[in-house]
Amino acid sequence: MGNVLIEPVDILKVTGLMGKTTDAGGKSHRDELVLVALGGLGEIGMNAYLYGFGPPKARKWLLVDLGITFPEGEFDPGVDVILPDLRFLIEERHALVGIVLTHAHEDHIGAVIDLWPKLEAPIYATPFTAGMLKAKAAEFGGRVKLPINVMPMGSRQNIGPFEIELVTMSHSIPEPSAIAIRTPAGLVLHSGDWKLDQTPYVGDPPNEARLAEIGREGVRALICDSTNAMREGRSPSELEIAQSLTEIVKKATKRVVVTSFSSNVARVKAVADAAVASGRTLVVAGRALHRVIEVARETGYLPVDLRYVDQQQFKYVNRNDVVLLCTGSQGEPRAAMARIADKEHPDIHLAKGDLVIFSSRTIPGNERSVGRIQNALVRMGCEVVTDAEALVHVTGHPRRDELRQMYQWIKPQVAVPMHGEARHINAHAELARAAGVPIVMPAYNGQMVRLSPDPVEIIDDVPVGRLFRDGRLIVPSDSGPVRNRRKLAIVGMVVVAIAMTRKGEVLCDPEIALDGVPEFDADGDEMFDIAADAVDGTLDSMPAKKLKEVEVVREAVRRSVRAAVFEAWGKKPVVKVLISVVDG
Ligand SMILES: [Zn+2]
Ligand SMILES: [Zn+2]
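Everything numeric here is computed off the predicted structure, so don't read it as measured data.

**Regarding the overall build of the protein**
Then, number 1: Looking only at helices and strands, the protein features 16 helices and 27 strands.
Then, number 2: Seen through its principal axes, the protein has C-alpha atoms that stretch 85 × 80 × 45 Å.
Then, number 3: Split into buried and exposed, the 584 residues of the protein put 53% on the buried side.
Then, number 4: Sequence separation of at least 24 residues holds for 71% of the intrachain contacts in the protein that already meet a minimum separation of 6.
Then, number 5: For the protein, the exposed area adds up to about 25,900 Å²; of that, 50% sits on carbon and sulfur atoms.
Then, number 6: Across the protein, the 69 positively charged side chains and the 76 negatively charged ones have centroids separated by 3 Å.

Given below as structure tokens:
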């Protein structure tokens, strides 16, 4: 790259690009194009990007993606998934004209089933993405009928004041699309998740010619994937992974097990092809894989006659004649891989000499659970192969050379790095500046960026946050039950139940229950007795008048039990005091 200019851009003072000034009351201020992320800027996950067009008080909104992120088990105990807090958009939902989905990964569509009822806008997606969403809705969201408009790859659609065009990309799932969003205030290219892979193994290669044409048309802003912005070079192709997997499977002498992200249809096909090439029978285990295979067959990404058998057949296939493809590459405790490693799978048992391939990358936060499973497999005598030992996985996101290529095609006036944590966004911003983008505008969730007209700047802050899916319910993350659960996970709890009359007489010995608290202190005294003594001591020492005041009794007992257990244990448990007052 010849003309490298790295200069910090003062984000609030960039001017002049569109040649229009925005003096107070000036007409050019009226129709603005803005972007605000409700998730995805500052994190990898929970993508939800909101584009707004119109005068500031009457904007129409287009939502691009509505995904989830996964909890870090110990910090968010009992949380299944994390969803974006859409309170801003819910207030504006009268102005929401549509929801466009770039591809079917959970971090882009995973919140649709839970949150669509609060938005009720039409959904636009390609056939595979729509198929995945419908299959999931049928399995989990029975009651919700989603109004999905299926858009062919590469097609165009008017949605309110936005004209959108899908541009075929490659990624690690079929039908990833970049979205060209045309408005009277300019054209935005929202890249979605992408890489440049001319041999993606399933589906079409990225439409590079169309990207270059869009660049020539003139792009106001490029909103682009930052996941691999810190990695030099280009990402390898899915074809190379398929070839490598075939070589490895051919050389194996005992059972072969491959675990991968279930939505990676190219990888499913690569494993199926490796089985055929080595004369082995393919066995598939895991519900998510069956769902993906079904949708991929319906949409033409896997052959209708793809040959595989169900997990129940595993035990009937000879040890050197089987390739098992299973879920659980991220260490998910209920998925097939974890149950196999723990010898708890009803149909699948491995033994010394079997080969297990993790055809995946361990997502940060899952290292420990994946490591635990790999250790269990090694102890069993299996050989474990990961992407550290062999070419068995490749990223779906652009490395730096691919990003540079994109900036060469698109030549945007404005760049906003997305789909990244702060360090990815920062690295991407520097790359964009070096690529000659005049205005580079790193932004984070909730910051509303005016993309057009000038000046490009952060014009507002909208409320954002996280919601937890906790069993069947969606609960707040900051004030909800999980906050208390974190505390309970560390200290345990003591419950005291007291029955009293209105006159303040204690009717019988209080009931005490301890949970998650040590049974004995260092001297061998029972913690139960320590708590009981504290309760009795408090009740005995309270003046008769005070004993008539339930709240006073409750608080005094709570404090004394907490103090006594702390004295013995060195930790303060949660103490709950229940008082039943009876007449008499
Ligand atoms: Zn993706
Ligand atoms: Zn993603």
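**Description of helix α11 (residues 400-410)**
Every α-helix carries 3.6 residues per turn, so stepping three or four residues along brings you back to the same face.
Then, number 1: Of the positions making up α11, those classed as buried are Arg 400, Glu 402, Leu 403, Met 406, Tyr 407, Trp 409 and Ile 410.
Then, number 2: Residues of α11 that are buried sit in contact with β11 (186-190), α5 (208-217), β12 (221-225), β19 (414-418) and α12 (422-434).
Then, number 3: With its phi angle positive at about 45°, Lys 411 sits one or two positions after the end of α11.

**Describing unusual backbone geometry**
Then, number 1: Residue Pro 453 is bonded to the preceding Ser 452 through a cis peptide linkage, with omega at -5°.
Then, number 2: One can find Pro 453 in the loop between β21 (447-452) and β22 (457-461).
Then, number 3: At the junction of Asp 454 and Pro 455, the peptide bond is cis and its omega measures out at -5° in the coordinates.
Then, number 4: Inspection of the secondary structure puts Pro 455 in the loop between β21 and β22.

**Some words on the pattern of salt bridges**
Then, number 1: Following the criterion strictly, the structure yields 35 salt bridges and no others.
Then, number 2: A salt bridge links Lys 269 to Asp 273, with the nearest nitrogen and oxygen atoms 3.3 Å apart. Remark: Asp 273 and Lys 269 occur in helix α7 (residues 265-277); sequence separation between them is 4 residues, near one turn of the helix.
Then, number 3: The partly exposed category is assigned to Asp 273, whose relative accessible area is 26%.
Then, number 4: Between Arg 485 and Asp 470 there is a salt bridge; the shortest N-O distance is 2.5 Å. You can see Arg 485 sitting in helix α13 (residues 481-491) and its partner Asp 470 sitting in strand β23 (residues 466-470), a full 15 residues away along the chain.

**Some points on the sheet that holds β12**
Then, number 1: Pairing in this open sheet of 7 strands is mixed, and the strands run β8-β9-β10-β11-β12-β19-β20 from one edge to the other. Whereas interior strands pair on both sides, the edge strands pair on one side only; in this sheet they are β8 (156-159) and β20 (439-440).
Then, number 2: The pairing of strand β10 (residues 177-183) with β11 spans 5 bridges and is classified as antiparallel. By the bridge assignment for β11, Thr 183 is matched with Gly 186.

**Things to note about the coordination of the zinc ion (ligand 1)**
In an ideal tetrahedron of four donors about a metal, each angle is 109.5 degrees. In an ideal octahedron of six donors, the angles are 90 or 180 degrees.
Then, number 1: Those donors, His 103 (NE2), His 105 (ND1), His 171 (NE2) and Asp 193 (OD), are the protein atoms that reach the zinc ion (ligand 1), and they lie 2.1 to 2.3 Å from it.
Then, number 2: Around the zinc ion (ligand 1) sit 4 donor atoms, and with donor-metal-donor angles ranging over 91 to 164° the site reads as irregular.
Then, number 3: Spacing between the donor residues of the zinc ion (ligand 1) along the chain follows H-x1-H-x65-H-x21-D.
Then, number 4: The metal-metal distance between the zinc ion (ligand 1) and the zinc ion (ligand 2) is 3.4 Å, with Asp 193 serving as a donor to both.
Then, number 5: Look at His 105 and you get buried, because its relative accessible area is 14%.

Thresholds, definitions, all that
- Residues numbered from 1 in each chain as written.
- Chains lettered and ligands numbered in written order.
- Predicted model: local features only at pLDDT ≥ 70, side-chain atom pairs only at ≥ 80, totals over all residues.
- Heavy atoms only, no water.
- Helix = DSSP H or I, 4+ residues; strand = E, 2+ residues; numbered from the N terminus.
- Buried < 20%, exposed > 50% of the residue type's maximum accessible area, 1.4 Å probe, protein only.
- Contact = heavy atoms within 4.5 Å.
- Areas by Shrake-Rupley, 256 points an atom, 1.4 Å probe, with all protein chains shown as cover.
- Lys, Arg positive; Asp, Glu negative; His and termini not counted.
- Charge placed at Lys NZ, Arg CZ, Asp CG, Glu CD.
- Salt bridge = Lys/Arg side-chain N within 4 Å of Asp/Glu carboxyl O.
- Pairing = 2+ DSSP bridges.
- Donors = N, O, S within 2.8 Å, 3.2 Å for Na, K, Ca; no water.
- Tetrahedral: all angles 85-135°; square planar, octahedral: opposite > 155°, others 65-115°.

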